[in-house]
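# Structural features, examined
The primary structure of each chain is shown beneath.
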Amino acid sequence: MNPISNINDSRITVGLDIGSRGIKCAIGEIKAENNNVKLLGVSEMESAGIKKGIIIDRDVLIDRIEKVINSAELMADEKVTKLSLSITGNHIRCINTQSAISLNHTNGLSNGIKEKVIGDSDILQVLSSSQSISLPIDRDILHTIPQEYSVDMLDEIKNPVGMIGRRLESKVHLVTAATTAMSNIANCVEELGLTVENIVFQPLASALAVIDEDEMELGITLVELGYTTTNIAVYQKGSIKHSAVLPIGSKSITNDIAVMLQISIKEAEEIKIKYASALSSMSSSDLMIEFSKTFKSKSASISENEVSKYVEARTQEIFQMVFQEISKADIKDPLTYGIVLTGGGALMRNIVPMLEKTFSIKARIGQSIKIEAAKDIADGPNFTTCMGLLLWPLHTKDFSQLRNNQNKSFRGILKRIRHTIENMF
Ligand SMILES: Nc1ncnc2c1ncn2[C@@H]1O[C@H](COP(=O)(O)OP(=O)(O)OP(=O)(O)O)[C@@H](O)[C@H]1O
Ligand SMILES: [Mg+2]
């Protein structure tokens, strides 16, 4: 049976996450009754042609992307033609901005004129003007995410539609990225005849998959431990406050083990996955790990506890950098829900107890919400970005991408933004 195409099929949603370690694809079916997604197919292959989010061999990367998508198509029995794509890298920056528009100017002079209520077009206008920041020629706005509105002296308004006032102010979180990095990665996918509908900064996609509304309200930070990057998104009062990329990931732990034991990266990676503990006090001093001595061509051994001491030190260093980033977020109250971990690095043994003991912060591994599937697939931290990409077209709060969506009529866009704003908090 030939798989059917999803080109005009709005019930199918597809996510493609091109990581430095693995390329992952997920295909899902939208459940109209609750806006959840039923997972139909997933696939993952080792990455090739990309490093730290930057393409180093285009042909090799395209070939690998094609294989990953084909394999997910086979499992889902659906033909992919459009998808949402993740992006990360050192070139991504975030900034919080605010802008204001005036409303009802004539009312000061009039008497008895009924004041006009704030409508969708005012929201569009104020969000558009919040995008007017000066950007270098090689940089573009990737996301424009509303945080809150003020009407005259009233702050922290979640949805000002229907209110009356003289001045409407919006606070937004802008994510910018290098134009060439975005187009190069999208071109690789489009070369395969596919349409890239959305490009999404990785932690924002992951957050959709694992953070619920209560957690966003009371404060939580998503930390995505990838292979060469650590992506961060801080949420409080129902909206994103800060996001960032650190150019260090789980690969640095592998490198430490390789250098320390003088073994290959491949062997060090195996030892890390099988034995390493992020909290050395929870590892065994009696369990000896055999490894090959590359240069002396004889085997040697080291205890699990000894390896874990190095792993713990590096993991702590990464989290010190994470906490420095969190401190840049303009938040006054503590993060009630602490940290939610995603990315393959979150599979490191005892990473949650390490965070709780060393940094006295609440932590948990992210588990997918709104995804209907076998728990072991949907909850794999290395697949979280893909799960978020599946949900992105349904639940995004991103004004830029809602507006840029050429397939939607202006009226349709307004409706979606309004719907988004209503569901935002
Ligand atoms: N059980 C495990 N214990 C420790 N680390 C693990 C485990 N399983 C996977 N990892 C690590 O997860 C990392 C891969 O994570 P992930 O798939 O999120 O990376 P990526 O998305 O390809 O990278 P990036 O997002 O940085 O481009 C690898 O470094 C791998 O060693
Ligand atoms: Mg990743």
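Just above, that's the structure.
Computed from a predicted structure; not experimentally measured.

### Let's talk about the layout of surface pockets
- Roughly 620 Å³ of volume is contained in the second largest pocket.
- Along the wall of the second largest pocket there are 34 residues; nearest its centre are R21, G343, G344, G345 and N382.
- For the lining of the second largest pocket, the secondary structure elements donating two or more residues are strand 2 (12-18), strand 3 (22-31), strand 4 (36-46), strand 14 (220-225) and helix 7 (265-275).

### Some points on the site of ligand 1
- Residues in contact with ligand 1 amount to 20 residues; listed here are only the nearest, S20, R21, K24, E269 and K272.
- R21 has a polar backbone atom sitting 2.7 Å from an oxygen atom of ligand 1.
- For ligand 1, an oxygen atom lies 3.0 Å from a polar atom in the backbone of T228.
- Its free accessible area being 660 Å², ligand 1 has 91% of it covered by the protein chains.
- No other element matches the three residues that helix 7 contributes to the shell around ligand 1.
- When its residues are assigned to classes, the shell around ligand 1 shows four nonpolar, twelve polar and four charged.

### Section: the pattern of salt bridges
- Applying the stated criterion across every chain, the model contains 19 salt bridges.
- The salt bridge partner of D63 is K67, with a shortest N-O separation of 2.9 Å. Here D63 and its partner K67 are both found in helix 1 (residues 58-76), four residues apart, which amounts to about one turn of the helix.
- Classification of D63 as partly exposed rests on a relative accessible area of 36%.
- Via salt bridges that share partners, R11, E29 and E78 belong to a single interconnected network.

What counts as what
Residues numbered from 1 in each chain as written. Chains lettered and ligands numbered in written order. Predicted model: local features only at pLDDT ≥ 70, side-chain atom pairs only at ≥ 80, totals over all residues. Heavy atoms only, no water. 1 Å grid on protein atoms, 1.4 Å probe; cavity = no way out; pocket = protein on both sides within 12 Å on 5 of 7 lines; lining within 4 Å. Points joined across faces, edges and corners; volume = space filled by probe spheres on them. Helix = DSSP H or I, 4+ residues; strand = E, 2+ residues; numbered from the N terminus. Near = heavy atom within 4 Å. Polar contact = N/O pair within 3.5 Å; in protein donor to acceptor, adjacent residues only side chain to side chain. Areas by Shrake-Rupley, 256 points an atom, 1.4 Å probe, with all protein chains shown as cover. Nonpolar A, V, L, I, M, F, W, Y, C, P; charged D, E, K, R; others polar. Salt bridge = Lys/Arg side-chain N within 4 Å of Asp/Glu carboxyl O. Buried < 20%, exposed > 50% of the residue type's maximum accessible area, 1.4 Å probe, protein only.

These results come straight from atomic positions and should not be treated as a statement about function.
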